[in-house]
Amino acid sequence: VAWLRVDTQTILTIHTHVISRSRRVGVTHSDHRTWFLHIRELRETDRGWYMCQINTDPMKSQLGYLDVVVPPDILDRGTSTDQTVREGASVSITCAATGSPHPQITWRREHSKTITIADGIQVTSLEGPVLNISRVNRQHAGAYLCIASNGVPPTVSKRIMLTVEYPPVVTIKNQLVGAVLGSDLLLECEIEAYPKPVSYWSRENGEIVPIGRGLEPQKISGSYRTVLRLPIRRITGSDYGAYKCVSKNSLGDSEGTIKLYPVQRLNIIADKSSDSTPFGTQDFRLQNYSGAAWKDSFNFSLLSSLIIVNSVVTWRFL
């Protein structure tokens, strides 16, 4: 009994002897009836046709095909690295993978976000080695996963970060804010931009708000979003007016305005009975409305009785 490699016409074993020079090849038998060809540390190059041949006259043989499956692997060469694009431009992200069978490529976004493609259509995943995005906007920014699978575990993936550059956008929720003298206040604006902008507060005359005397600008920054806060403590008359939230980066600048105006505190003096005003005398005394209502009810009943009696007397007189 002999084992041969068909495609290369190489004799691997004859009877119990290994002819191949490869240390990975071996042969065993069971009672000289069943013969086994062993290949250790299997490689992809071992894929192909093998023949079991019996040296009879005529010769008898049996063919068998060995298929070697290989888990997927994503190649650095041919696969995109992290991308940075300007808002409004187009971008193509590629993913190259090997394996046997040939892997299928699937694109997904991190945290199950949707992928926006042409005409505003949103999908959860896309198939194919290339992901094309036309007219990129800031919502496209984030991590994209290139996932390669071919049914042979494990499935592999690569994370590609898409960064979108755009000028600052300043958002102010409350543009008019009222405050009482001596109170504390917190002004706030939100900024979206990339690259990371330079942001600050200024007054209506363009003067940057200094740090000190209760004015302490604060920043809470993220990848694209920044919250700029301005606490004002113990407000004085000079604090009233317009405040500008200004943000600038290499692509442009933007600003938003908050107007701070005074609000009068309402004071009620309990022990003060009345006060003179331009509109007359204001009575501050607390009224017993329940007692007044009882008196009004009594007076109304008495008046009604008098009217009824008067009507009866008048009718008899007539």
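These figures come from a predicted structure and were not determined experimentally. (Residues numbered from 1 in each chain as written. Predicted model: local features only at pLDDT ≥ 70, side-chain atom pairs only at ≥ 80, totals over all residues. Heavy atoms only, no water.)

Caption draft 1: Structural view of the nonpolar core. With 21 residues, the main nonpolar core has Val91, Ile105, Trp107, Leu131 and Ile133 as its most contacted residues. Those elements that provide at least two residues to this core are strand E10 (91-94), strand E12 (104-109), strand E16 (130-133), strand E17 (142-149) and strand E18 (156-171). A total of four residues in this core trace back to one element, the largest contributor, which is E18. The residues touching Ile133, leaving out its near neighbours within four places in the chain, are Ala89, Ser90, Val91, Thr116, His140, Tyr144 and Leu162. Membership of the second largest hydrophobic core comes to 19 residues, among which are Cys189, Ile191, Leu230 and Ile235. (Core = buried A, V, L, I, M, F, W, Y, C linked by side-chain atoms within 4.5 Å. Buried < 20%, exposed > 50% of the residue type's maximum accessible area, 1.4 Å probe, protein only. Helix = DSSP H or I, 4+ residues; strand = E, 2+ residues; numbered from the N terminus. Contact = heavy atoms within 4.5 Å.)

Caption draft 2: Region of interest: the environment of Thr98. Position of Thr98 relative to the elements: it lies in strand E11 (residues 97-100). Residue classification places Thr98 among the partly exposed positions, given a relative accessible area of 35%. Put simply, Thr98 and Leu75 are 23 residues apart on the chain and 7.3 Å apart in space, counted from C-alpha to C-alpha. If near-sequence neighbours (up to four positions away) are discounted, Thr98 is found in contact with Pro71, Pro72, Asp73, Leu75 and Pro103.

Caption draft 3: Looking closely at the state of the cysteines. A full pass over the atoms with the stated rule returns two disulfides. Each sulfur of the disulfide joining Cys95 and Cys146 lies 1.6 Å from the other. The sign of the S-S torsion, about -55 degrees, decides the handedness of the disulfide formed by Cys95 and Cys146: left-handed. Taken together, the positions of Cys95 in the loop between E10 and E11 and Cys146 in strand E17 put the pair 51 residues apart, joining distant regions of the chain. Of the residues examined, Cys95 reaches a relative accessible area of 4% and is grouped as buried. A relative accessible area of 0% places Cys146 in the buried class. Disulfide pairing places Cys189 opposite Cys245 at an S-S distance of 1.9 Å. The chirality of the disulfide connecting Cys189 with Cys245 is right-handed, given an S-S dihedral of about 45 degrees. With a gap of 56 residues between them, Cys189 in strand E20 (residues 185-194) and Cys245 in strand E24 (residues 241-249) connect regions that are remote in the sequence. Cys245 carries the same exposure label as Cys189, and that label is buried. (Disulfide = S-S within 2.5 Å.)

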